[in-house]
Amino acid sequence: MQIDWITVLAQIANFLVLVWLLRRLLYGPITRAMEEREANIHDRFDEADRREAEAEEERIRLHAEREELHETQEALIARARDDARELQQRLEDEARAEVEESREAWKTQLRKEQADFLHELRKNATGHVTNVIRRALRDFASADLEEAMVETFVARLGQLDAKTLKTLRTEAEAADGIVSVTSAFELAPSAKARLTRVIRETFHPQADVKFPRDVGIGCGFNLKIRGQTVQWSLDAYLDDLEEEIQAYFEAAEDIDSQAAAGQT
Amino acid sequence: MDISPDQWIVLQIGPLGINATILFTWMVMLLLTLSALLVRLRLSTTGELTRWQNMWEAIISEMRTQIRDVSGQDPGPFLPFIGTLFAFVAISNILAIVPGYAPPTGSLSTTTALAICVLIAVPVFGILEKGLFGYLRSYFQPTPLMAPFNIIGELSRTVALAIRLYGNVMSGTVIVGILISIAPFFFPVLMQLLGLLTGLIQAYIFAVLSMVYIASAMRAKGNGNSANGGKHD
């Protein structure tokens, strides 16, 4: 074990050279490279943090936008629902009004037809009723209708009150006994004679009775002495018939209205 | 038995004889320099690293950590000196498995040279840190009476450093030599493997102790002698 001092000096020199070489070639460059990489990694981390923060902001913004969109969507749906409800209501009202209008038109038409029917009925009923009554009287009572009508008219003349009788007699005097008895049909001579006798007994002994025809008066007689008139006809009965038919139509119409109200 | 490579003259250039210590030291230096050049030429600051760079970065990173742990300071100024000490001793010892190679660290001249370098480095770093008077004052702590002991301690630890490394490496070589004569096939291989381990441990101890001595010289007053009896192998 001995120390070779020349070798020691050489080794010191060798070692210092090695320190210098490694410092230039190894430690310096690698340390710098590591620091650069570290700084780079720090930068990337900072960048990642920044991007993360941006992403978080973006997320919050998108979330808010989505909420807003959702609220807008709900508002739109609610408005559309209200509009649809209003439209439905309006259409229903219009349809109801249209139905009501149709019903009114139908009612008007019905009333018109009723009126026409009644008018026609009234117009034709007299003849029919007359014929029916005549036939009935002929078949069951063996009497002629004209005769029955004459008898009835005579009975009515006999039932005139005293004041009317006086007025009529006065008028007959003034008219020199000219009296007209209008009927819708031609009276038989016997009926004419009967009426003439009754009129002379009742109003004027020399009465000149005329028997004109007028189909417009219907089933009955119209006795006219100057300005005074005594009338009897089946019109009153026909009026009753018309009123009854009218009441029947109105009752039917009420039932129909109630049925329509029940449907709506 | 020739146990020192100093007496093994490999090359004779005129009157100057190049012994094995110097020759193998140059080889180690060449290896380290070539390795450093390989890294330097293909140095990358991005994520794509060569294997050499990766290896050296791992080693240097660990060196910096150890220096920081021991000194408690920025490892930058100490890294070239301490790192080269470690790398040189480690490579010198690892190459001992190569047949025909004699580790330079098995020469007392080499370990003395390294210990002298540490002996010089300690006051240099101390003066750089605390100034000339500040450093000299540490020899007179805690009392001027302790100055001779401090100086003796400084010298003795340098000697201890040199002899510790020399003794460990030399002993490994001697043990292998003895075992070869006794059991030439099996035990030398085991001892060579053990030699790799002790070689690395010696490199680590040498570097860390050097750092401890330097760090103790740079510490504040009153702590100057605390590292004297710190480490033993």
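Right above here is the structure, for reference.
Caption draft 1: Representation of the overall build of chain A in the model. Across its full length, chain A carries five helices and four strands. Once local pairs closer than 6 in sequence are excluded, the contacts in chain A between residues at least 24 apart make up 75%. Working note: accessible area of chain A is about 18100 Å², and carbon and sulfur atoms make up 53% of it.

Caption draft 2: Region of interest: the pattern of salt bridges. Residue and element names in this part refer to chain A. Within the structure shown, the criterion is met by 16 salt bridges over all chains. Here Arg61 ties to Glu65 by a salt bridge, and the two come within 2.6 Å at their closest N and O atoms. Of this pair, Arg61 and Glu65 both sit in helix 1 (residues 5-141), four residues apart, which is roughly one turn of that helix. Of the charged contacts in the structure, one is a salt bridge between Arg96 and Asp93, with a shortest N-O distance of 3.4 Å. Residue Arg96 and its partner Asp93 are located together in helix 1, separated by three residues, close to a single helical turn. Look at Asp93 and you get partly exposed, because its relative accessible area is 37%. Beyond isolated ion pairs, a larger network of salt bridges with shared partners links Glu47, Arg50, Arg51 and Glu54.

Caption draft 3: Inspection of the packing of aromatic side chains at higher detail. If you walk through the whole model with that rule in mind, you get six aromatic pairs over all chains. Pairing Tyr135(B) with Tyr139(B) gives two aromatic rings, centres 5.4 Å apart and planes at 90°, and the pair type is edge-to-face. Note on Tyr135(B): relative accessible area 4%, which makes it buried. Through a chain of ring-to-ring contacts, the aromatic side chains of Phe15(A), Phe78(B), Phe81(B) and Phe125(B) assemble into a single cluster.

Caption draft 4: Local environment of the interface of chain B and chain A. Contacts between the two partners involve 44 residues from chain B, matched on the other side by 30 residues from chain A. Counting each side, the surface lost to burial between chain B and chain A is near 3300 Å², with a carbon and sulfur contribution of 75%. When the buried surface of chain B facing chain A is broken down by residue, Met29(B), Thr45(B) and Thr84(B) rank first, second and third, together holding 16% of it. On inspection of chain B and its partner chain A, the count reaches one salt bridge. The partner of Arg37(A) in a salt bridge is Glu57(B), and the shortest N-O contact between them spans 2.8 Å. For the interface between chain B and chain A, the tally reads nine residue pairs in polar contact (both at pLDDT 80 or more). When contributions to the side of chain B that touches chain A are tallied by element, the ones reaching two or more residues are helix 1 (20-41), helix 2 (51-71), helix 3 (79-94) and helix 4 (108-130) of chain B. When residues in the side of chain B that touches chain A are grouped by element, the largest group, 11 residues, is from helix 1 of chain B.

Caption draft 5: Local environment of a negative patch on the surface. A cluster of acidic residues, Glu35(A), Glu36(A), Glu38(A) and Asp74(B), forms a negative patch on the protein surface. Within the secondary structure, Glu38(A) sits in helix 1. Here Glu38(A) falls in the partly exposed class, since its relative accessible area comes to 47%.

Cut-offs and rules
- Residues numbered from 1 in each chain as written.
- Chains lettered and ligands numbered in written order.
- Predicted model: local features only at pLDDT ≥ 70, side-chain atom pairs only at ≥ 80, totals over all residues.
- Heavy atoms only, no water.
- Helix = DSSP H or I, 4+ residues; strand = E, 2+ residues; numbered from the N terminus.
- Contact = heavy atoms within 4.5 Å.
- Areas by Shrake-Rupley, 256 points an atom, 1.4 Å probe, with all protein chains shown as cover.
- Salt bridge = Lys/Arg side-chain N within 4 Å of Asp/Glu carboxyl O.
- Buried < 20%, exposed > 50% of the residue type's maximum accessible area, 1.4 Å probe, protein only.
- Phe/Tyr/Trp six-rings, centres within 6.5 Å; stacked < 30°, edge-to-face > 60°.
- Buried area = accessible area lost by both parts, 1.4 Å probe.
- Polar contact = N/O pair within 3.5 Å; in protein donor to acceptor, adjacent residues only side chain to side chain.
- Patch = residues over 30% accessible without salt bridge, like charges linked within 9 Å, V, L, I, M, F, W, Y side chains within 5 Å.
- Lys, Arg positive; Asp, Glu negative; His and termini not counted.
- Charge placed at Lys NZ, Arg CZ, Asp CG, Glu CD.

Everything listed is a geometric property; what it means functionally is a separate question.
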